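# Secondary and tertiary structure notes
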Amino acid sequence: MESGVGWHRSSTVITPRTRNASQKIATITVIGRDKTGVIARITNYLFERGANIESLEEQVKRGQFSMLLEASWNSERFDPESLRSGLANLARSLEMDINVHFLEQHRRQRMAVMVTSEPCCLEVLLARCRSGKLTADPVLVLSNRAELAPVAARHGVEFVQIPWHERKEAEVTALRTLEDHSVDFVVLARFMKILSPNFVWRFPKKIINIHPSLLPSFPGAQAYRQAWERGVKIAGVTAHFVTMNLDEGPIITQGCFRIGPQMRLTDIIKAGQKLEARVLLKAVRLFLSNRLQVSWGVVSEC
């Protein structure tokens, strides 16, 4: 599940340059009330500290400013603690929330899996990580319910339950937990809560969701029921990046199955659930390969 809002203004993305192994990379997110001069002050600060701006995207909705910036440094000019401290001072001055995430290009990515109560996708992801067939480190299973705690324990992964009665409070706790675990990317393995733009923006192109339909058909809840009621002959599932718009993020991969004339809704759900884990696993593998490129909302392999 994910957020669904339309943005009033958005910028053009600067195309990333080719990176070399000696570069140090940081992703910086900025969120706060829209005001003049924010982009200039942040980019000037980075320029003065020897940064190259790899990509920049800013959007405004109802007076809220959000910016995603990726910067790189040569090793000898990179001081992460000074950068973090300087951005914290800048955040106070601008009265905005500025977060920085440092990317270590050659280490295994740290993965968090967010779930509700369906075990299949979680089981497959953790089993593949444990066997070494998925090159990520699962550092956290985060859920709004307690049912899947035994699955995480069986695979030796920390489980954190966060009540989701109030979305804003729950997301603040979830974001703090993800930061405490130095999470690089998030997988929504049938997490049945809608995430706000504030949450999604902090993990741009780093939240992967599995949706039980062949998007763009049947977005939103009860997708299998929608397919059954409409009498479709082919159904499927979609793994996609999460964006601000509900179930409209760039598609990574899909899988499908035929619906026979005698299949009931329960049969369709069972067939789809078997496929969900395989398609989600494939999407995570593609993400970890570093070969995915998103351009104009379309994912391609490079």
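So, how was this worked out
Residues numbered from 1 in each chain as written. Predicted model: local features only at pLDDT ≥ 70, side-chain atom pairs only at ≥ 80, totals over all residues. Heavy atoms only, no water. Phe/Tyr/Trp six-rings, centres within 6.5 Å; stacked < 30°, edge-to-face > 60°. Buried < 20%, exposed > 50% of the residue type's maximum accessible area, 1.4 Å probe, protein only. Helix = DSSP H or I, 4+ residues; strand = E, 2+ residues; numbered from the N terminus. Core = buried A, V, L, I, M, F, W, Y, C linked by side-chain atoms within 4.5 Å. pLDDT = per-residue confidence, 0-100. Contact = heavy atoms within 4.5 Å. Pairing = 2+ DSSP bridges. Axes fitted to C-alpha atoms, helices over the stretch in contact; angles between N-to-C directions.

One pass over the full model with this rule turns up 6 aromatic pairs. Where tryptophan 73 meets phenylalanine 78, the ring centres are 5.2 Å apart and the plane angle is 50 degrees; that geometry is what we call tilted. Taking the relative accessible area as the measure of exposure, tryptophan 73 reaches 3% and is therefore buried. Seen from their ring centres, phenylalanine 78 and phenylalanine 102 are 5.6 Å apart, and the 85 degrees between their planes marks the pair as edge-to-face. One end of the pair, phenylalanine 78, is in the loop between strand S4 (64-73) and helix H2 (80-94); the other, phenylalanine 102, is in strand S5 (residues 97-103), and 24 residues separate them in sequence. The exposure class of phenylalanine 102 is buried, given its relative accessible area of 17%. Connected via pairs of aromatic rings, a cluster forms that spans Trp73, Phe78 and Phe102.

Counting residues in each nonpolar core, the largest one holds 42 residues, and the members touching the most others are Leu122, Leu125, Phe185, Ile208, Leu280 and Val284. Looking at which element gives the most residues to this core, the answer is helix H8 (residues 265-288), with 12 residues. Core analysis: the next-biggest nonpolar cluster, separate from the first, contains 26 residues, Leu142, Leu175, Val183 and Val186 among them.

Turning next to the environment of lysine 193. Positionally, lysine 193 belongs in the loop between strand S9 (185-188) and helix H6 (197-200). Along the backbone, lysine 193 and asparagine 144 are 49 residues apart, and their C-alpha atoms lie at a distance of 8.5 Å.

So, on to the confidence of the model for the chain. On average, the chain scores 88 in pLDDT, and the residues at 70 or more come to 91%. Predicted confidence is poor over residues 2-18, with pLDDT under 50, and the contacts of this stretch with residues over four places away or in other chains come to 64 contacts.

Our focus in this paragraph is the sheet that holds strand S11 (residues 234-241). The 7 strands lie next to each other as S8-S7-S6-S9-S10-S11-S12, forming an open sheet whose pairing is mixed. Only two strands of the sheet have a single neighbouring strand rather than two, namely strand S8 (159-161) and strand S12 (251-258). Adjacent strand axes in the sheet meet at a mean angle of 20 degrees, parallel and antiparallel pairs treated alike. Pairing of S9 with strand S10 (residues 207-211) involves 3 bridges; the strand directions are parallel. Opposite leucine 188, over in S10, you have asparagine 209 as the bridge partner.

Here aspartate 137 is to be found in strand S7 (residues 136-143). A residue is classified by how much of its surface remains accessible, and aspartate 137, at 30% relative accessible area, is partly exposed. In this structure, the C-alpha to C-alpha distance between aspartate 137 and tryptophan 201, residues 64 residues apart in sequence, is 23 Å. If near-sequence neighbours (up to four positions away) are discounted, aspartate 137 is found in contact with Arg108, Gln109, Arg110 and Met111.

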